[in-house]
Structures are given as structure tokens and as C-alpha cells.
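Coordinate analysis (summary)
Listed below are the residues making up each chain.
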Amino acid sequence: MGTRGRDRLADRPAAGGTATAVPGTGGAAGSGPAGAPSARGRAERRRSARKAARRRKRSLVREVPLIILVALLVALVMKTFLVQVFVIPSGSMEQTILIGDRVLVDKLTPWFGSEPQRGDIVVFKDPGGWLEHDRKPSDDGLVLGGAKKVMTFVGLLPSDDEQDLIKRVIGVGGDTVECCDAQGRLSVNGRPVEESYLAPGNPPSRQTFRVQVPQGRLWVMGDHRDVSADSRFHMGNPGQGTIPLSGVVGRAFVIAWPLDRFHQLDAPGSLSSLARMPQAGGTAAESVGVGPVPAEPPLVMGVLGILPVVARRSGRRPE
């Protein structure tokens, strides 16, 4: 029959034998040099992943200080020029503003020449002699003390030496403020004022007085007249109890915290509707029967912006 079939059989491996590697193929799959590229690929991917992770960590380390710096600068700008939160420490403005309320104070409009009007609630610097000075020495260490100073400077913490107060504007430059008439009412420029904002049970004043407010100054009083050490109790000071416009920090325009008391602080029409009385200057105030001056705590410089609305935190307080 010839040898054609034998040649094909000879080329086949014997049953149960092993295949002979063809020269130049590199051996069986997965063994020897053929497996090296796959192992090298996995190792390279792991090295690349570790490098990427290190780059991300380095990037985060660089970005976090920058983010903190930008946040502090924004906080400083807002505190200085826009809005600041103050915490109320006493009851001198009850029932309009209660102890512990956070009020937002507009510090922007005064930069454009806006002046407080009758009925506005304003935060102002102590004109001298209104507050008790009872600061306690700090026991913070060097590092903690320095950190607190930075946070205070930008407005994220209350200050230990703030000398701010909060009161309602009753008279502006040129006004004559007097109390009380035959019906026991306070009057401005001879017109009786309906003071619906007074704390329950409080008369307009238990001390009689009459004052002409000098130009560039304000006559201010608390809504809780029996406990408020306001202009009435400082008539013997320079300015006859009035405060300078230059000392006004801003106008309180909303109660921001607690949320169930969130509302706008509007000027009552009984005061805001009064006509302005121009006058060259004021005269000395007259007062009768002024009693002991109530203790007046400083207004607390609060947390910047609306942070107290978002997270309830303790702070310093104003009066």
C-alpha cells in the first residue's frame, strides 16, 4: 500500500507521551520566560497606584493650608465689612431680644453713609464708663492662646475684651427727648411715642429727664427699661448720655438663632414716622431721681456670618 499513511502516524506523539517543544517557541504556556511579562505588568500597575496615592496625599497636604487661609480671609472680610453675629448676654432688650439670642448686625450700609434712624436697634462701642471691667486672666498656654487670638481676630471666636452694647435708638441729632408727660409717656420733639416694644410691666422710665440730642450723636434706651443701663444713667458723662455716630458698629436687623425665634427686627412706626428736627447743637440734659446704675455686661462679639444658625454654639454676649 505504500508508506503515505506511515509517515503521518510517525509524526503523531505516542499515546501517553509528552509533546516535544518546538525549538524557538519559548516552552509551555505559563512557564519559563513566557510568564514574565504578565508578572511585570501587575507589579508595574501596583507601583503606579502607589505613586498616584502619594501624589494625592502631597496635593492634599498642600491644598488644606491654602483652603484654611482662604476661609480665614473670607471670615475676616465678612466680619469687618459685611455681617457679624452678636450674642445677647442680658435682658436689657427683652422682650424684643432675649438672653442667648444671636442677632445679625449689618456692618455694610454704614460704609455708604447710612445713619441709624429712630427705632433702629444698634450695636455700639462703649463711649466710656458704660461697662464694668471684670476681665479674668487667661490660663491658656502659648499655643492655644495664640490660636484663640487668630480665631478671635477673624471673628470665629468671641473676644475677651470687646466693649460693645446693644440698644434702641430713641433720639437722633437735633431731637428733644423727654419723659414723662402727664400720662406717663415718653415724647420726642413734643410728640408722645407709643412704645409697644417695652417689656411687660415696664413704664417708659422711672426717672424723669429731658435732653436735646447734639448733632452727630444718638440717645439710646433698652426695651426692658427697669434693667437697662442706657443713656438715662450716663447723663453726667461727656455727651450727656448720648453716644457718637462714629461708635456705632452696625444695625441689628434679624434674630438668627434660635430658629423658632427667627424674625426681622423692624423699626416701630411710632418712632420711624417722626419728622426730623434740625438743630445746631444740643443742650445739657436734665434728670431727676436717677437711681443706682444696673450692671451692664458687654455685648458678645459672636461667630462670623450665620454660623450660629447652622450649629448651636456657646459664645460671648452683648448688652
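Anyway, here's the lowdown on the structure attached to this text. (Residues numbered from 1 in each chain as written. Predicted model: local features only at pLDDT ≥ 70, side-chain atom pairs only at ≥ 80, totals over all residues. Heavy atoms only, no water.)

1. Some details on the side chain of Arg102
Structurally, Arg102 is set in strand 2 (residues 102-106). This buried residue, Arg102, is left without a salt bridge; Asp101 holds the nearest opposite charge, at 7.4 Å. (Helix = DSSP H or I, 4+ residues; strand = E, 2+ residues; numbered from the N terminus. Buried < 20%, exposed > 50% of the residue type's maximum accessible area, 1.4 Å probe, protein only. Lys, Arg positive; Asp, Glu negative; His and termini not counted. Salt bridge = Lys/Arg side-chain N within 4 Å of Asp/Glu carboxyl O.)

2. Considerations on the environment of Gly184
The topology assignment puts Gly184 in the loop between strand 5 (176-179) and strand 6 (186-188). With 24 residues separating them along the chain, Gly184 and Thr208 place their C-alpha atoms 9.8 Å apart.

3. Focus on the state of the cysteines
Linking two cysteines covalently through their sulfur atoms gives a disulfide. Under the defined criterion, the tally for this structure stands at 1 disulfide. With a sulfur-sulfur separation of 2.1 Å, Cys179 is cross-linked through a disulfide to Cys180. Disulfide Cys179 to Cys180: torsion about the S-S bond roughly 65 degrees, handedness right-handed. The class of Cys180 is partly exposed, set by a relative accessible area of 28%. (Disulfide = S-S within 2.5 Å.)

4. Looking at the nonpolar core
Counting 16 residues, the largest nonpolar core has Ile170, Val177, Leu186, Phe209 and Trp219 as its most contacted members. When residues of this core are traced back to their parent elements, those giving at least two are strand 5, strand 6, strand 8 (208-212) and strand 9 (217-221). Val103, Val105, Val123 and Ile255 belong to the second largest nonpolar core, which has 13 residues in total. (Core = buried A, V, L, I, M, F, W, Y, C linked by side-chain atoms within 4.5 Å.)

5. Re a nonpolar patch on the surface
A cluster of nonpolar side chains, Val77, Phe81, Leu82, Leu108, Trp111 and Phe112, forms an exposed patch at the surface whose accessible area comes to about 610 Å². Relative to the elements of secondary structure, Phe112 occurs in the loop between strand 2 and strand 3 (121-125). Look at Phe112 and you get exposed, because its relative accessible area is 69%. (Patch = residues over 30% accessible without salt bridge, like charges linked within 9 Å, V, L, I, M, F, W, Y side chains within 5 Å. Areas by Shrake-Rupley, 256 points an atom, 1.4 Å probe, with all protein chains shown as cover.)

6. Some details on the side chain of Ser231
Its location among the elements puts Ser231 in the loop between strand 9 and strand 10 (243-244). From its side chain, Ser231 meets the backbone oxygen of Gly241 in a polar contact 2.7 Å long. In contact with Ser231, not counting residues within four places along its chain, are Trp130, Trp219, Val220, Gly241 and Thr242. (Polar contact = N/O pair within 3.5 Å; in protein donor to acceptor, adjacent residues only side chain to side chain. Contact = heavy atoms within 4.5 Å.)

7. Some words on the pattern of salt bridges
Within the structure shown, the criterion is met by 9 salt bridges. A salt bridge links Asp164 to Lys125; the nearest nitrogen and oxygen atoms lie 2.9 Å apart. Taken as a pair, Asp164 in strand 4 (residues 164-171) and Lys125 in strand 3 lie far apart in primary sequence, 39 residues in all. The exposure class assigned to Lys125 is partly exposed, which follows from its relative accessible area of 38%. The closest approach of N and O atoms between Asp181 and Arg185, which form a salt bridge, is 3.0 Å. Taking relative accessible area as the criterion, Arg185 reaches 33% and is therefore assigned partly exposed.

8. Topic: a positive patch on the surface
Side chains of Arg42, Arg45, Arg46, Arg50, Lys51, Arg54, Arg55, Arg56, Arg58 and Arg62 sit close together on the surface and give a patch of like positive charge. On the secondary structure map, Arg56 appears in helix 2 (residues 36-82). Take Arg56: its relative accessible area is 58%, and that puts it in the exposed class. (Charge placed at Lys NZ, Arg CZ, Asp CG, Glu CD.)

9. Concerning the packing of aromatic side chains
Each aromatic ring pair is described using two quantities: the centre-to-centre distance and the angle formed by the ring planes. Scanning the model with the defined rule gives 2 aromatic pairs in all. Seen from their ring centres, Phe124 and Trp130 are 5.6 Å apart, and the 85 degrees between their planes marks the pair as edge-to-face. Judged by its relative accessible area of 5%, Trp130 is buried. The side chain of Arg168 reaches across the aromatic face of Tyr197, ending 4.2 Å from its centre. (Phe/Tyr/Trp six-rings, centres within 6.5 Å; stacked < 30°, edge-to-face > 60°. Lys NZ or Arg CZ within 6 Å of the ring centre and 35° of its normal.)

10. Some points on the pairing of strand 5
With 4 bridges connecting them, strand 5 and strand 8 associate as antiparallel partners. Bridging across to strand 8, Thr176 finds its partner in Gln212. Note that strand 5 and strand 6 share 3 bridges and pair antiparallel. Of the residues in strand 6, the one forming a bridge with Glu178 is Ser187. In this structure, the hairpin formed by strand 5 and strand 6 is closed by a connection of 6 residues, where Gly184 is found at a positive phi of approximately 75 degrees. (Pairing = 2+ DSSP bridges.)

11. Some details on the environment of Val105
Inspection of the secondary structure assignment puts Val105 in strand 2. For the pair Val105 and Gln84, spaced 21 residues apart in the sequence, the C-alpha separation amounts to 5.3 Å. When residues no more than four places from it in sequence are discounted, the contact partners of Val105 are Leu82, Val83, Gln84, Phe86, Val123, Gly250, Arg251, Ala252 and Phe253.

12. With respect to the pairing of strand 4
The buried fraction of strand 4 amounts to 8 of the 8 residues, a majority that puts the element mostly inside the structure. Across 5 bridges, strand 3 lies against strand 4 in antiparallel orientation. Within strand 4, the residue paired with Val122 across the bridge is Lys167.

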